[in-house]
Structure formats: C-alpha cells, structure tokens
Amino acid sequence: MKKGRMFYTIFITILVLGIGLVASFGSYIYFTTISSVVERVSNTKQSYMAQIRNSLEQKIQTIEYAFNTYSTTSSFNEVVKNPITEKDFVAYRNVNTQLNYIATMGLEGTEYSLISLNQNWRISNGSLSYLTKTEREQLISTYIDNQDKGLFWIKTDKGIRFVNTLPVFSKKKQAIALSDISSQTLSHTIQTEDHMPVFILNNKGDLMYETEPATPLLSAQQLQHISQVTAKSDNTGMLTLEKTKQQPARQIIYAKSAYNNWTYLTVLDKKEIANAFQTTKFGIIMMGLVLTLLIVVVAYIIAIYFTKPFQQIKRSLPKNPNLAFKNEPSKNEIEWIINSIDNIVTEKESLESLIQSEMPQLETQLILNLFRKRISAEELARKMPRLGYPQQIENQMYITLLVQLDNLGDREPSDKDVLLLAINKIVEETIPEQQRMLPIILNDNTQATILILAGKSAQEMRKQVLDHATLLIQNVKEYLHVSISIGISTAYDNLLESKEACEMSKQALHHRLNLGKESIIFYEDISMVISGPVLLHYPAELESKLFDAIRIGDEEQVYHTVHSLLAEMMTKNNHSMNFEVLLVRFVNNLIQLEQLLGIEVLLTQDNHALYHRLLDIRNPEEIERMLLEQVIFPMVKSMKEKTNQQFRCLSEKIATIIRAEYDQELSLELIGDRLHYNPNYLSSIFKKEYGTTFSEYLMGYRLQMSKKWLVETDMTIKEIAERLQYHNSQNFIRSFRKKEQVTPGAYRKMKQAN
C-alpha cells in the first residue's frame, strides 16, 4: 500500500523523538556511570593517601617526640657540654644507646646523628667523629642561622632529613639532631598495591618525595599551584589541573596533614578508569541498539494507526475539482481534507457572520422595545432564544438598573455621550453575561441594564445587585475619573413589565438629590417617602446667618453656612420635590438680598436659566459648588468692595460712642437700635476692624479711665466702680487685677509712691 505524506510525517517524527530520547537516556547513563566510576576510584585513592599520610606522619611524630624528650633530660645536657674521646666509653655508650632507642621507634633504615656544637663531636650510626672548624661553621650556617625554626625537614640527595636544633626551647643551641630517611625507606613505607605515583610537598610547597623521580608526572609549576590550592582546602580532596602546552590535564587526589601541613598527592590514572568502565560501555551500546530497533517498529505501527482515519475521511469527502493538488491526493491527504472542509465551513461562516453582524442591533432594539412596551408576549418568546437568551425558568426574576452621571469631572459637556458609551462598556465587563441582558444607552443621560436573577431569595438578590452596583461605581471612578449614581427597581418576573421597572429606577435616581453623589438607590427604600405627606422645612435661621455673612464679606463663614443650610434642607425634606421647591425659594431670597444691597450678580434677564441649571443637577455637591462659585462668592466680593468704607465708618461710630458714654450703660443692642443695625452685624464688623470684641474694647477703655482716676483723683474704689457701671466693687477689683496683675488700691499706692 502506497504511503502518504501524513504517514511519513508521523513515522519520522516519532523515530526522531524516540532516537533522541534513547540518545539522551544513554548519554545520561554514560556520564552518570563515568562520574560514579571516577568517584569510586578517587575515593579509593583518597583512602590510600590518607593511610600513607597517617603511617608516615606517625613515624615522623615519633622521631620528633623522641629527640625533643631526650633534649630535656639531664644526661643530654651533661653529654653535649663535655668532650667525648675514645676513652670516654660510658658517655659514648649512653649517647649511642639513646640513638638506637630512637631508631627502634622510627622507620627502619633511618640514620640518626647527634652533633655537639659545644665540644665539636658527632656520633652517627655508632661511630664517633670530630668536627673541623669549617664543618662546625657550615652546620651552624645551614641549620641554625638561616632557619626561623628549630625543628624542620629538608630534602637531600638520598631522601629527606629531619633537623632538630637542641635544646628546643632555647635560643642558644648546643647540639643538632639529624634523622636521614632514604628514598628507598620512604618508597618501602608508602608502597601501595597498585603502585600509584605518590608526591609529598612540605608546607612551603617544596617537593619532599616522589615515587618515580626519573619520569616526573607533575612539573614544578603544577606542584606549586597544587600547594597554593590545598593550603585553603580541607584534609582530603580532588582538584583538576588544566591542560598546558607541556602537560596534559590531570586530576589530582590529595591528603593534607594537620600535623605539619605536608600534602600527599597522587595522579588519577585515566587508563584505570577506562578499564573499569569498559564493560558498562559495551552494555550501553547494546541497549541503545535494541531500543532503537524497538522504536522503529513502534513508530511504524503508530503511523499506520493514526493515518488510517485520515484515509477513511478522505474517501468519504467529495472530490473538489478546484483543488490545485487534485492529481496528487495520496501525498497531500491532510491539505486535501482541510481544503475540502474549509470550503464547507466557509459557506457556513458566511451565513453565520451575516446573522451575527445584525445581532447587537437586534438585541438593542429588543431591549428598547421592552422599555417602551412595544413588544408582545408572543414576539418576545420567539426572539429571546434567537438572541441567545435561555428560556425562563422557575423563580427567575428581573431587575432594571439605571446609571446616570453625577458630574463630568474635568471634561466638557460635549464628552457626555462618550462617557455614557464608556460606562456601557464597563457594565458589560463588570456584570457577568449570564446575569444580565445586553446593556444599552437609554437616552442622553441614562445607561440601562436588565439583570437576570434566578433561584435567590429577596435578600440574596438585593445583596447581589448591591455588589454589582458598588463594583460599577468603583470601576467607573477608577477608569473614567467621574462619579455615577445608580437607581434600582423592584424585582419583577415578567420582562413585559420592564417599562414600569424603568420608571421606578428613574424615580429612585431622582432622590439622589437628597443622598449625594455615588448613590445606590433602591426604589423600595424610597417608595414610602414618595407616598408620604409633603412637609416643607426651610432653615430660616441659617439663611439669616448666611445673609449676615454675605453683608460683612466673611467668605469662610459663608462657605460653612451654605453647606449647613443645604444639608439641613436635604436631610429634613425627604421628598426630592420638596428640596427643589426650597431651592427655588432660596434663590429668590438671594435675588431679594441683592436688591436690598444694591449689587448686581443675579439681577439679569436670564435668572430663569439659573433655576433650570440648578434643577437639572442631581448632585448636591455640584449644586453647592455652583451656588458658591457663580452666585454667593461674587455677591461677597461685591459686598466687600462696597462695605469696606461702611465698616470703618460704623466701627468708628461705635468707638466714639464708647469713648463718650463709657460711664453709662452701654450694649450692642442699644447701639444697634440707635444706628438701626442688627447687633450681631455690628459685632462682626467691629471685631473685623478693631481685632477685638465690643465688650473687650468697652472694658479695656473703662479700665484705662479707672487707672487715670486712681492716680489723679481722690475717688474711692467703690465710687469708681459705680461710675464705670460695675454692679459691685468686687467685680471691678477682679477685672482690674486680671488686667493689671495688681488690685486698684495697690496700683494707687504704687503710683503715689513714685
């Protein structure tokens, strides 16, 4: 059977992926095994190096300890200070016996020598000899003068030599103890079963010993590098030397001595690792070949299995003469099938797109007809399924939600339509599609949405609608930087009642005038207010206080009083129509005040435009801002310009009356009657001009006159108090002392004494 392109695509893809997985798996096993073999060999060599280090270190410690112990004995001090000749047999025997004892504790084949620098003799390997002057000076120069330690090891031509200048803890050296360990002795001591190369470096990085000096594996530079690296390392470890022109890359196993900081090295042999890995490598290759053959068989079977349905589909589809590859269907069966299906799907999609393009307009028109009550029950039942809405189920309820802008923020009025469109889009994104019908723009001011609620109690429905409304207000404020209010109808179970529900939501929004911006108003909450009796409450006292503040030009007092006046009008008049009536009355009173004051802010032919603008604004904050900025503050400014001179004149008249009639009964009420002004008004302008209250100014002037009378007259304190209108002298004395910090009598005595 002739295979198509799909068969070879599946077969080759599976084959490539399978071989790739086998290669990856084999590589993983290969490198993991190499790592395991290297780790095992290196661990074995590390153990060998640790054994060599411990064995040699034990012998070295024994030699050093024996000589140090011997140097502290009295017999040592006695023998190194006395000459030894052939006749001094006892002294010679003692020294030789001590050296032989040290030899039994150290390495076999080690030569031990004791040299007396005081008496110039040497005992080495049982023989006594005498030092020449030249030999003595050379020994001192080599082992004492040029050394910073009294105990050290050096490399010699025959091996390594232990040098101990005695006594150990004295700067004045009297003797030198030498222990010469030959290379043969060291090789015998550190010989391993696999004859691996061993290197010993001292703490300065100098080579002390190597097993095969004739064929060195490591150069001096490499040994020095190893010494520097191992100086900062742990007791044992492994490091890699990079490849150079003279030396190949090598892996070094080392063991560090904590006793004398010697480093014991060996080189990891690649041939040993290759031999250990030979069998594993053969097994991996065979496994890879077997798995590859298995993958070829599996790939062939899978390709046949998956291409069989395509062949069946191809046979079932009608041949299309328009296909460019109609003469090669066996090689391009997928493209042939896809193009055949595309022709069918394209025709179907063209029909669906035509229907879908008209769906939003049809759905919008349906909802507008619901709000206008221009649709029958039969027509509604026929159109709802076509527009994608499910059939009404039991306990399914509807609620109409209307949104209106509280203000335009910093935008122009021409942007209102764009803002409503943006709000409509936010409603679509905020409320889930299955919980609503299509949101629409109802008119120039309002956006409308019908919510769908099923299987919920009245309390649950209210909570869900409140959550949606709260989130809408937050999203609109966050994205558009404007505030909105939302009116919510009562729940209804028949969409044909949507018009009545829309009117309920409008009535609810009408009451945001009493609640402020960003209000969420349920019709059921305000229905009792709408049907209740109409009671008007007008805050006349606050209005009088406001008008006084306008007269004297006190902007701060005006601001606070307007806020309080509008707040009381809203809170004490439940029905929004009541507030509108009172708002018109308030504007009329402002116009009358302007006429009385003789200023022109509202006295124009377009007063009716102000009424309409105020009544169209449903946001209390916007109403307050408009009244302040466009009406009241301009009135205050005009009054300030007009009354500044009047304030000064009235204040000076009050001050003149005080200075002339201070000894008579005076009050703002009496002066107000005389000057035909409100006492509160006179109090405000007097304080503004003089910076103090009327009472404080009057009391200050009277006390000033009392001081003059105390000094210049013989009037008694009681007479002064009565003349200054104090009811009793104690009140006068108390006021005087509070002002002058002394009593009137003390003040008179103080002034008379001066």
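Definitions and cut-offs
Throughout this description, residue numbers start from 1 for each chain and increase along the sequence as written. Per-residue local features are limited, in this predicted model, to residues with pLDDT of at least 70; the limit for side-chain atom pairs, both in listing and counting, is 80 or more; totals at the level of whole chains, interfaces and linings are taken over all residues. Think of the side-chain values as coming from all heavy atoms in the structure, minus any hydrogens and water. Secondary structure elements follow DSSP: runs of H or I no shorter than four residues count as helices, runs of E no shorter than two count as strands, and numbering proceeds from the N terminus. Only protein chains enter the accessibility calculation, which uses a 1.4 Å probe; a residue whose area is less than 20% of its type maximum is buried, one above 50% is exposed, and one in between is partly exposed. The contact criterion used throughout is that any non-hydrogen atoms of two residues lie within 4.5 Å. Areas reported here follow the Shrake-Rupley algorithm with a probe of radius 1.4 Å; residue values treat only the protein chains shown as occluding. Pairing between two strands requires that DSSP report at least two bridges joining them. Structural elements are reduced to axes, namely lines fitted to C-alpha atoms, with helices fitted over the stretch in contact, and the angle between N-to-C directions of any two is expressed from 0 to 180 degrees. Residues scored as positive are Lys and Arg, those scored as negative are Asp and Glu, and His as well as the terminal groups of each chain are ignored. Whenever a carboxyl oxygen of Asp or Glu lies within 4 Å of a side-chain nitrogen of Lys or Arg, that contact is scored as a salt bridge. The definition of a polar contact used here is a pair of N or O atoms within 3.5 Å, where within protein one atom must be able to donate a hydrogen and the other to accept one, and adjacent residues in sequence count solely through side-chain atom pairs. Note on aromatic contacts: the rings of Phe and Tyr and the six-membered ring of Trp form a pair at centre separations within 6.5 Å, being stacked when their planes are under 30 degrees apart, edge-to-face when over 60 apart, and tilted otherwise. Over a ring means this: the NZ of a Lys or the CZ of an Arg is within 6 Å of the ring centre and within 35 degrees of the ring normal. What we call a nonpolar core is a set of buried Ala, Val, Leu, Ile, Met, Phe, Trp, Tyr and Cys residues that are connected through their side-chain atoms within 4.5 Å. Any residue with relative accessible area above 30% and no salt bridge may belong to a patch, with like charges joined within 9 Å and the nonpolar Val, Leu, Ile, Met, Phe, Trp and Tyr side chains within 5 Å.

(A) Focus on the overall build of the protein chain. Each helix and strand counted, the protein chain has 25 helices and 16 strands in total. Here the protein chain holds 754 residues, and 42% of them are scored as buried. Look at the contacts in the protein chain between residues 6 or more apart in sequence, and 64% of them connect residues 24 or more apart. In the form shown here, the protein chain has an accessible surface area of approximately 42,900 Å², with 53% of it arising from carbon and sulfur atoms.

(B) Here's a closer look at the sheet that holds strand 5 (residues 159-166). One open sheet holds the six strands; their spatial order is 3-2-1-6-5-4, and the pairing between them is antiparallel. Strand pairing shows two members of the sheet lacking a second neighbour, strand 3 (127-130) and strand 4 (151-155), which therefore form its edges. Mean inter-strand twist for the sheet, computed between neighbouring axes without regard to direction, equals 20 degrees. Note: strand 1 (residues 111-116) against strand 6 (residues 175-182), six bridges, orientation antiparallel.

(C) Focus on the side chain of K173. Relative to the helices and strands, K173 resides in the loop between strand 5 and strand 6. Of the buried charged residues, K173 lacks a salt bridge, with D145 as the closest side chain of opposite charge at 11 Å. Polar side-chain contacts of K173 include one of 3.4 Å to the backbone oxygen of T165. Setting aside anything within four residues of it in sequence, one finds K173 in contact with L117, I144, T165, L166, P167 and V168.

(D) Region of interest: the packing of aromatic side chains. Using the criterion set out here, one finds 15 aromatic pairs in the structure. Judged by centre distance (5.4 Å) and plane angle (70 degrees), the rings of Y662 and Y701 are edge-to-face. Separated by 39 residues along the polypeptide, Y662 in the loop between helix 19 (620-661) and helix 20 (668-675) and Y701 in helix 22 (residues 694-712) bring together distant segments of the chain. Relative accessible area serves as the criterion here: at 9%, Y662 is assigned to the buried category. For Y701, a relative accessible area of 22% translates into the label partly exposed. Counting every residue linked through ring pairs, the aromatic cluster contains F686, Y690, F694 and Y697. Above the face of the F522 ring, R462 is positioned so that its terminal group lies 4.0 Å from the ring centre.

(E) The arrangement of the nonpolar core in detail. Among the nonpolar cores identified, the biggest contains 43 residues, and M49, F67, V95, L114, W153 and W262 are the most heavily contacted of them. A total of eleven residues in this core trace back to one element, the largest contributor, which is helix 1 (residues 5-71). In this structure, L114 is in contact with Y70, F76, V95, L99, W121, R122, I123, L166, A175, I176 and A177, ignoring residues within four places of it in sequence.

(F) Here's a closer look at the pattern of salt bridges. Taken as a whole, this structure holds twelve salt bridges when the rule is applied. Where E524 meets R462, a salt bridge forms, and the shortest distance between an N and an O atom there is 2.6 Å. Taken as a pair, E524 in helix 14 (residues 523-531) and R462 in helix 11 (residues 458-480) lie far apart in primary sequence, 62 residues in all. E524 gets classed as partly exposed once you look at its relative accessible area, which sits at 42%. Relative accessible area serves as the criterion here: at 29%, R462 is assigned to the partly exposed category. Among the ionic pairs, K463 bridges to D467, the shortest N-O distance being 3.2 Å. Within this pair, K463 and its partner D467 are both found in helix 11, separated by four residues, close to a single helical turn. Given a relative accessible area of 53%, K463 falls into the exposed group. Assessed through its relative accessible area of 40%, D467 is described here as partly exposed.

(G) Region of interest: the environment of K173. For K173, a relative accessible area of 17% puts it in the buried group. As for K173 and I140, which are separated by 33 residues in sequence, their C-alpha atoms are 9.2 Å apart.

(H) Fine view of the sheet that holds strand 9 (residues 236-241). The five strands are arranged 8-7-11-10-9 in an open sheet whose pairing can be described as antiparallel. The two strands at the open ends of the sheet, each matched to only one other strand, are strand 8 (207-210) and strand 9. The sheet shows a mean angle of 25 degrees between the axes of neighbouring strands, direction not considered.

(I) Main features of the environment of T430. Tracing the backbone through its elements, the reader meets T430 in helix 10 (residues 416-430). Separated by 39 residues in sequence, T430 and A469 have C-alpha atoms that sit 9.5 Å apart. One polar contact links the side chain of T430 to the main-chain carbonyl oxygen of I426, over a distance of 2.7 Å. Among the polar contacts listed, one links the side chain of T430 to the side chain of N475, at a separation of 3.1 Å.

(J) Up close: a nonpolar patch on the surface. Taken together, the side chains of L293, V297, Y300, I301 and I304 present a nonpolar region at the surface, about 460 Å² in accessible area. Along the chain, I301 falls in helix 7 (residues 270-316). Look at I301 and you get exposed, because its relative accessible area is 52%.

(K) Spatial organisation of unusual backbone geometry. Even without a glycine there, the phi angle at H676 is positive, about 65 degrees. Considering the arrangement of structural elements, one finds H676 in the loop between helix 20 and helix 21 (679-690).

(L) The arrangement of the side chain of N589 in detail. Looking at the secondary structure, you find N589 in helix 17 (residues 576-597). On the basis of relative accessibility, which here comes to 15%, the residue N589 falls in the buried class. Only 2.6 Å separates the side chain of N589 from the side chain of E543, close enough to count as a polar contact. Setting aside anything within four residues of it in sequence, one finds N589 in contact with Y538, E543 and F547.

(M) Representation of the pairing of strand 11 (residues 263-267). The buried fraction of strand 11 is high, at five of five residues. Here strand 11 shows a buried face lined by T263, L265 and V267 and a second buried face lined by Y264 and T266. Summarising the sheet, strand 10 (residues 250-256) and strand 11 pair through five bridges and their orientation is antiparallel. For I253, the partnering residue across the bridge sits in strand 11 and is T266. Counting the residues in the hairpin turn of strand 10 and strand 11 gives six residues, including N261, whose phi is positive at 60 degrees.

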